[in-house]
Amino acid sequence: MAEHAHADHSVGHDHEAEHIKAHVKVYLLIFGMLILGTIVTVGISYVDFGAAWINITIGLIIASIKATLVAGWFMHLISEKRMVHAILIVAGFFFAVLVALCIWTMAPESLIGGGKKQHTTSVPVVHEPAAAPAH
Amino acid sequence: MEIPYTTKPRPDTALYNAKVGIWLFLASEVMLFGALFSSYILLRVGADPKLVWPALAAWPHHSDGLLNVPMGAINTLVLIVSSVTVVMAWVSLKLKDFNKFFIFQGVTIVCAMGFCAIKSFEYAAKFSHYHVVLNDGTAMTGHLEPKQYFTTDKKLRAANVAEIEFVKDPAPGHGHAAAGSAAAAHDDHKPVKIKMADVQRLTFWGPQQSTYFAIYFTMTGLHALHVIGGALVIAYLWIPGARMWKTDPERFTNRVKVCGLFWHFVDLVWIFLFPVLYLL
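Here the structure is a predicted model, which is why all the values come from computation and not from measurement.

A. Spotlight on the environment of Tyr-212 of chain B. Residue and element names in this part refer to chain B. Here Tyr-212 lies in helix 6 (residues 211–238). For Tyr-212, a count of 23 C-beta atoms within 10 Å translates into the label buried. Discounting residues that sit within four places of it in the chain, Tyr-212 has contacts with Trp-59 and Pro-60.

B. View of the sheet that holds strand 5 (residues 199–204) of chain B. Residue and element names in this part refer to chain B. The strand order across the open sheet built from five strands is 4-3-2-1-5, with neighbouring strands paired in antiparallel fashion. The sheet is open, and its two edges are formed by strand 4 (192–195) and strand 5, each paired on a single side. Taking each pair of neighbouring strands and ignoring which way they run, the sheet shows an average axis angle of 45°. With four bridges connecting them, strand 3 (residues 163–168) and strand 4 associate as antiparallel partners. Note that in strand 4 the partner of Glu-165 across the bridge is Lys-193.

C. Inspection of the interface of chain B and chain A at higher detail. Facing the 48 residues of chain B at the interface are 43 residues of chain A. Broken down by element, the residue count for the side of chain B that touches chain A peaks at twelve residues, all from helix 1 (residues 17–46) of chain B. Considered class by class, the residues forming the side of chain B that touches chain A number 34 nonpolar, nine polar and five charged.

Cut-off values and rules
Residues numbered from 1 in each chain as written. Chains lettered and ligands numbered in written order. Predicted model: local features only at pLDDT ≥ 70, side-chain atom pairs only at ≥ 80, totals over all residues. Helix = DSSP H or I, 4+ residues; strand = E, 2+ residues; numbered from the N terminus. Buried ≥ 20, exposed ≤ 12 C-beta atoms within 10 Å, placed from the backbone. Contact = placed C-beta atoms within 7 Å. Pairing = 2+ DSSP bridges. Axes fitted to C-alpha atoms, helices over the stretch in contact; angles between N-to-C directions. Nonpolar A, V, L, I, M, F, W, Y, C, P; charged D, E, K, R; others polar.

Here you go:
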């Protein structure tokens, strides 16, 4: 009986070892993708798409993909227990609230501020010729 | 007294306790860096888009050459490599190969030190780089001759300096346009004499220079502290803490895993910091 249990145990370990070895290939693949992502991010920042927001959007999309690879596979989030997901959903929710609040304050005419526009016209601070002395 | 659930999962969370602990900690870290990222968004959107660096209130473009993109890119690669070695160190322990763990953990520490070394070169370059506004409103950037660190107009005036020698930076190729004229760039490298009486503001590229450098140093500084903290824990598990491998291998493997989770988070923050500060 005891021998039988022992045999089962070692088989279990071999399985785990095989399982982990298969994971190593995935890790190396993700390593390659992260390097590629970095090169693309740097390369694309030198391309002029005509508007800054296009560069920013592309840059952030690539960064998000890289972050997903690291969190999902290196940190094993895709196969993690529900408790961890629950903790992160709470953190993610409050992070989203934080960013949303910032965006609301930047666009006062949209959801808060009820149409009260507070935009001030910008005054160039430098590159201005010195004002002539008043007489 | 034995600490419960260091290896066995707790029935209610289905995890060993250290893992719940590290994830709660990382959730709080998300909020910490989240506060800084949202500050970044506000500062950046609040900057006047019509102004062009080196105007004081302008948000610089990466073609203005404030930050060293190759150094930042190399540091990104260094952190990616360290992320792989961290996970491979844990895999080695799972496969009961302590020698491989020792190598991978060692490589991670080398990467962490490499990251800090590159970052300190970058910081040093900023602290000897200057932003000057003259009384007529002209703004320019460059170096003092001879090289000086951490100087401001107040310090120069206090030392009764009447005139400075200033090597202007080549005209920044804003919008990738002014990359051409090599002759003009050559002229820019000759030091010019500037009377301190004409200087309205002179300061090194530190957090006090502009909102951009303020958020740059706050975010990269906090991140660098995380790198140092993570490296200390990795170094502890590398040699002194590794004695636990002989007495309680499963618990030691979990410690390496938990430490690795923190390290991946540090890598993750940099994945966003690099494009946000250096490139966009």
